[in-house]
Amino acid sequence: MKVASPEFKNSAYMPQRFSCDGDGVNPALDIEGIPREAKSLALIVDDPDAPIGTYVHWVVFDIPVIARIEENSVPGKQGINTSGRNDYVSPCPPKGTHRYFFKIYALDTMLNLEENISKGALEKAMQGHILGQAQTIGLCKRK
């Protein structure tokens, strides 16, 4: 599998409009090589460079098998992020450059979990169901 954004190259800076200094919306993601047996996708976006430890920006699951997650969209059910909300938190690093990992998973089932689950609960529920996975990294630094 492969995931990439048409807005930035892997391990390159994301346009400012995707940060808290811009519109703060999620970037589009193109997904290739999804296994034919896949029944759903899941997406986790996190920042391991946050001062508090890994900051979870977005948890989405039960995404239909699609080749593109559109910009500024909610493609499936949302879990809870580090801010305690069920939404996308745009990159807003307090200092320096941070890495934002966009991790996509192809699953052999719809998980049918309730919203408000944590990243850890989603990762546990996905065990034994992952058919493929990929990630891309976007960088962000405040002006």
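First, a word on what this report is: a plain description of the structure on this page. Source: prediction; values computed, not measured.

1. Examining the sheet that holds strand E7 (residues 77-78)
Here's step 1: The six strands lie next to each other as E2-E9-E8-E4-E5-E7, forming an open sheet whose pairing is mixed. Of all strands in the sheet, those bounded by a partner on one side alone are strand E2 (12-13) and E7.
Here's step 2: Against the sheet, helix H1 (residues 119-126) touches strand E4 (40-47), strand E5 (55-63), strand E8 (98-107) and strand E9 (130-140), its axis set at about 145 degrees to E4.

2. Structural notes on the state of the cysteines
Here's step 1: With the rule as written, the count across this model stands at one disulfide.
Here's step 2: Through a disulfide, Cys 20 is tied to Cys 92; the S-S separation comes to 2.0 Å. The chirality of the disulfide connecting Cys 20 with Cys 92 is right-handed, given an S-S dihedral of about 70 degrees. Of the two residues, Cys 20 sits in the loop between E2 and strand E3 (29-32) while Cys 92 sits in the loop between E7 and E8, which places them 72 residues apart along the sequence.
Here's step 3: By relative accessible area, which is 31% here, Cys 20 ends up partly exposed.
Here's step 4: Judged by relative accessible area, Cys 92 falls into the partly exposed class, the value being 33%.

Rules used throughout
- What you see as residue numbers is a count from 1 along each chain, following the sequence as written.
- The model is predicted, so local features are restricted to residues of pLDDT at least 70 and side-chain atom pairs to those at 80 or more, both for listing and for counting; the totals for chains, interfaces and linings are taken over all residues.
- To get the side-chain values, take all heavy atoms of the structure and skip hydrogens and water.
- Any two strands between which DSSP finds at least two bridges are classified as paired.
- Each helix is a run of DSSP H or I of at least 4 residues and each strand a run of E of at least 2, with the numbering of both proceeding from the N terminus.
- Note on definitions: a residue-residue contact is assigned when non-hydrogen atoms from the two residues lie within 4.5 Å.
- Here an angle of 0 to 180 degrees is reported between the N-to-C directions of two axes, which are lines fitted to C-alpha atoms, with helices fitted over the stretch in contact.
- Only a pair of cysteine sulfur atoms within 2.5 Å counts as a disulfide in this structure description.
- Buried means the residue's accessible area, taken with a 1.4 Å probe over protein chains only, is under 20% of the maximum for its type, while exposed means over 50%, and partly exposed covers the values in between.

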